[in-house]
Amino acid sequence: MTALDDSAPRRWGPGQESSADGKAAGAHTETTATQPNSSGSDEEGTAPAEAGGVGTDLPDGFQVQIDLRCAKAGDFRYLVGGSPTRLLRMSDTALGMTSEDGRIEVCDNVTRRLARALLDAGIANPRPMFGPQPSDVTVVIPVRDNQAGVDRLLRALDGLAVIVVDDGSSTPVLADRSGAQVLRFDDNRGPSAARNAGAAAATTDFVAFLDSDVVPDADWLTVLLTHFSDPTVGVVAPRIVGLRDDGTPASSLAARYENGWSSLDMGPEESAVAPSTRTPYVPSAAMVVRRSAFCGFDESLRVAEDVDACWRMHAEGWRIRYDPVARVAHEHRSDLRSVLSRRCFYGTGAAHLASRHGDRAAPVVMSVPMAAAVAALLSRTRFGAALAMIILTHLAVRMRRRLGDLPSAPLVSAQMTGRAAGFGLLQAADAICRHYWPVAVVLALVSRRFRVLAVQVAIAEGVVSWVRDLLADPTRPPALGPLRYIVMHRLDDLAYGAGLWQGVISHRDPEALRPVISR
């Protein structure tokens, strides 16, 4: 069950409207320049902990593809990207292992180290050529009172081992198909307990969790399983789209908004999954886990259990991948009340995560210089503009020094500083409209100046978000026009923010509201 700031990747994880990019609103200025050794690995970096004590070696034949956006002017010697942003200088030896289109194939220890370094830096994506077989997977379906959904899903899982966990349905759920078994709880224990029971009953090396209201594409499992040829990958998740996402128009404004901006849809870009990055978690509505990596869902949580599980597995050293090539369709809610009620429910999860994971659940993450620059810009005064320009110039100069002999370093530092400032503004706007809207309402009532600012921010952030989503996935026409999107977007914010404050008050712990302003 997805939780937190649930519009990722449009809105990242808790307070991370720009995690990698937004947190990089401060972290961009902390970019590190590293010189790979002859293997291409980062001499100054720290190797991630081995996942659960297993080896980290990539197998022969495994390939990685350098993100071409990281190669300035197509020059693979200097790679700028990742999260947080960093500069990697490729040695002549590393360049000799790289094809003209940026592909590297693992064939020995040197290419193995180079591929791993690029993957861990977030500058390359995996292109595995093989993986486990579907016979190595058991599908676990937690369900309560949704026999029709189970029947529909089972038809899409022909040939796979399936365990249906009936979580206290009023009428017992049946699985009328060979290869499927049913576990039944007499009382409702929650989706976490249901998934854990199914995983415990499975005997295969991999477990796929699918909710009863989803339908996967035909090749979803084949695509996801190839990622497990990397022995450190513990979880892989597909893109979750609307079940109506087939050209059939949705019937209501809320349904169209859900189909275009569902809390379960992590967007069109593949990525590694880690806290405080562009993709901080993946929803448990559809994911495949390595059983030896699975730490179990926290059964005390009815919300945010997927975020919590992802973060705990990441902390144990397991890597998590999001692959939007694999798609699973989800039957979204279609009426406004249920959509907003769900957003409010997700908002309550922030307090749970803040108590467990501290700063990772912060609503705002920014450096002191960037926070000062953003505050100055939001003052909408000449003095504020001048102060922001001084701060940003200082950050750009500092970054220019760190980029060293990178070609076009002045231009690159200016672009990255500007991008960081933009994400910093978006993060501030997100905080005003979403996380701290009750405070914003009070300030708007007593200050005309702030009231004007709040209206401007609400409109500007909505337009920018709509345009960014359009540019991120131009092959998919927007489900709503900008005006209707802004209205729904703001209602979404109000509902989520209400749930956030409800969770904070009920837990008597303000940690989920505490911004992180780092030096």
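The residue numbers shown here count from 1 along each chain, following its written sequence. Where local features are concerned, this predicted model is filtered to residues with pLDDT of at least 70; where side-chain atom pairs are given and counted, the filter is 80 or more; whole-chain, interface and lining totals use all residues. Neither water nor hydrogens contribute to the side-chain values; these are computed over all heavy atoms in the structure.

This part covers the overall build of the protein chain. Scanning the protein chain from terminus to terminus reveals 15 helices and 17 strands. Across the 519 residues of the protein chain, 57% fall into the buried class. For the protein chain, contacts bridging at least 24 residues in sequence account for 75% of all contacts bridging at least 6. Reported accessibility uses the Shrake-Rupley method at a 1.4 Å probe radius. Residues are deemed covered only where the shown protein chains occlude them. As displayed, the protein chain offers around 21100 Å² of accessible surface, 57% of which is attributable to carbon and sulfur atoms. Elements are defined by DSSP. Helices are runs of H or I of four residues or more, strands are runs of E of two residues or more, and each kind is numbered from the N terminus. Think of it in three bands: with a 1.4 Å probe and only protein chains considered, a residue is buried below 20% of the maximum accessible area for its type, exposed above 50%, and partly exposed in between. Contact between two residues is taken to exist if any of their heavy atoms lie within 4.5 Å; hydrogens are not considered.

Now for the pattern of salt bridges. Salt bridges, as used here, are contacts in which a Lys or Arg side-chain nitrogen is within 4 Å of a carboxyl oxygen on Asp or Glu. As enumerated under the stated definition, the model contains 27 salt bridges in all. Of the charged contacts, one joins Arg-239 and Asp-473 as a salt bridge, the two residues approaching to 3.2 Å between their closest N and O atoms. With Arg-239 in strand β12 (residues 233-242) and Asp-473 in the loop between α14 (448-472) and α15 (482-507), this pair connects stretches of sequence that are 234 residues apart. Comparing Arg-239 with Asp-473, the two get one shared label, buried.

Let's shift gears to helix α7 (residues 253-261). Extensive coverage of α7 is indicated by the burial of seven of its nine residues. Residues of α7 that are buried make contact with β12, α9 (336-357), α14 and α15.

Time to look at the confidence of the model for the protein chain. Mean pLDDT over the protein chain stands at 89; residues scoring 70 or higher make up 88%. Scored from 0 to 100, pLDDT reflects the predictor's confidence in each residue. The low-confidence segment residues 3-49, where pLDDT is below 50, has 173 contacts with residues more than four positions distant or belonging to other chains.

Here the focus is the pairing of strand β15 (residues 319-330). With ten of its twelve residues buried, β15 lies for the most part within the structure. Here, any two strands with at least 2 DSSP bridges between them count as paired. Bridge count for strand β11 (residues 214-216) against β15 is three bridges, and the pairing is antiparallel. Counterpart to Pro-216 in the pairing with β15 is Val-328. As judged from the nine bridges shared by β12 and β15, these two strands associate in the parallel manner. Across the sheet, the residue bridging to Val-241 is Ala-329, located in β15. Bridging between strand β13 (residues 271-273) and β15 involves three bridges; their strand directions are antiparallel.

What follows covers the sheet that holds strand β5 (residues 103-105). If you walk across this open sheet you meet the three strands as β5-β2-β6, and the pairing is antiparallel. With one partner strand each, in any of the chains shown, β5 and β6 (124-127) form the two edges of the open sheet. Averaged over all pairs of adjacent strands, the angle between strand axes in this sheet comes to 25 degrees, irrespective of strand direction. Relative to β5, strand β2 (residues 63-66) runs antiparallel, the two sharing three bridges. Here the axes come from fitting lines to C-alpha atoms, over the contacting stretch only for helices, and the angles between their N-to-C directions go from 0 to 180 degrees.

Once that is clear, we can look at the nonpolar core. What is meant by a nonpolar core is a set of buried Ala, Val, Leu, Ile, Met, Phe, Trp, Tyr and Cys residues, joined one to another through side-chain atoms within 4.5 Å. Counting 53 residues, the largest nonpolar core has Phe-209, Val-282, Met-287 and Met-370 as its most contacted members. By size, the runner-up hydrophobic cluster in this structure holds 33 residues, among which are Val-162, Ala-208, Leu-225 and Ala-326.

A few words now on the environment of Ala-286. Residue placement: Ala-286 occurs in strand β14 (residues 286-290). The class of Ala-286 is buried, set by a relative accessible area of 2%. Through-space distance from the C-alpha of Ala-286 to that of Val-328 is 7.2 Å; in sequence the pair is 42 residues apart. Not counting residues up to four positions away in its chain, the partners in contact with Ala-286 are Phe-209, Leu-210, Ala-237, Pro-238, Ile-240 and Val-328.

In this section: the environment of Ala-458. Along the chain, Ala-458 turns up in helix α14. Overall, Ala-458 belongs to the buried group, its relative accessible area being 17%. Each C-alpha atom, one on Ala-458 and one on Ile-486, is 8.2 Å from the other, the two residues being 28 residues apart in sequence. Discounting chain neighbours no more than four positions away, the residues touching Ala-458 are Cys-433, Ile-486 and Arg-490.

What follows concerns the side chain of Asp-167. In this structure, Asp-167 sits in strand β8 (residues 161-167). Charge assignment: positive for Lys and Arg, negative for Asp and Glu; neither His nor the chain ends contribute. Despite being buried, Asp-167 has no salt bridge partner; Arg-302 is the closest side chain of opposite charge, sitting 5.4 Å away. Contacts described as polar in this section are N or O atom pairs within 3.5 Å, which, within protein, must combine one atom able to donate a hydrogen with one able to accept it, while residues neighboring in sequence count only if both atoms come from side chains. Of note is the side chain of Asp-167, whose polar atom sits 2.9 Å from the backbone nitrogen of Gly-190. Not counting chain neighbours up to four residues away, the residues in contact with Asp-167 comprise Val-143, Arg-144, Phe-185, Asp-187, Asn-188, Arg-189, Gly-190, Pro-191 and Ala-194.

This next bit is on the packing of helix α13 (residues 437-446) against α15. At their nearest, the axes of α13 and α15 sit 9 Å apart, and the two run at 105 degrees to each other. The angle between α13 and α15 places the two elements in the roughly perpendicular class. Taking contact as the criterion, the partners of Trp-437, Pro-438 and Val-439 in α13 are, on α15, Asp-493, Leu-494, Gly-497, Ala-498 and Trp-501. A breakdown of the residues in the contact of α13 with α15 according to their chemical character gives six nonpolar, one polar and one charged. Note that the term roughly parallel is reserved for angles under 35 degrees, roughly antiparallel for angles over 145, roughly perpendicular for angles of 65 to 115, and oblique for everything else. Residue polarity is assigned by list, with Asp, Glu, Lys and Arg as charged and Ala, Val, Leu, Ile, Met, Phe, Trp, Tyr, Cys and Pro as nonpolar; anything else, Gly included, falls into the polar class.

A word on the packing of helix α10 (residues 368-378) against helix α12 (residues 409-435). In the contact formed by α10 and α12, the axes pass within 10 Å of each other and the chain directions differ by 70 degrees. By the angle between their directions, the pair α10 and α12 is classed as roughly perpendicular. Crossing hand, α10 versus α12: right-handed. Of the residues in α12, those touching α10 at Met-370, Val-374, Leu-377 and Leu-378 are Ala-420, Ala-421, Gly-424, Leu-425 and Ala-428. Class assignment for the residues of the contact of α10 with α12 results in eight nonpolar, one polar and no charged. By convention, the crossing between two helices is left-handed when the near helix turns anticlockwise from the far helix through less than a right angle, and right-handed when the turn is clockwise.

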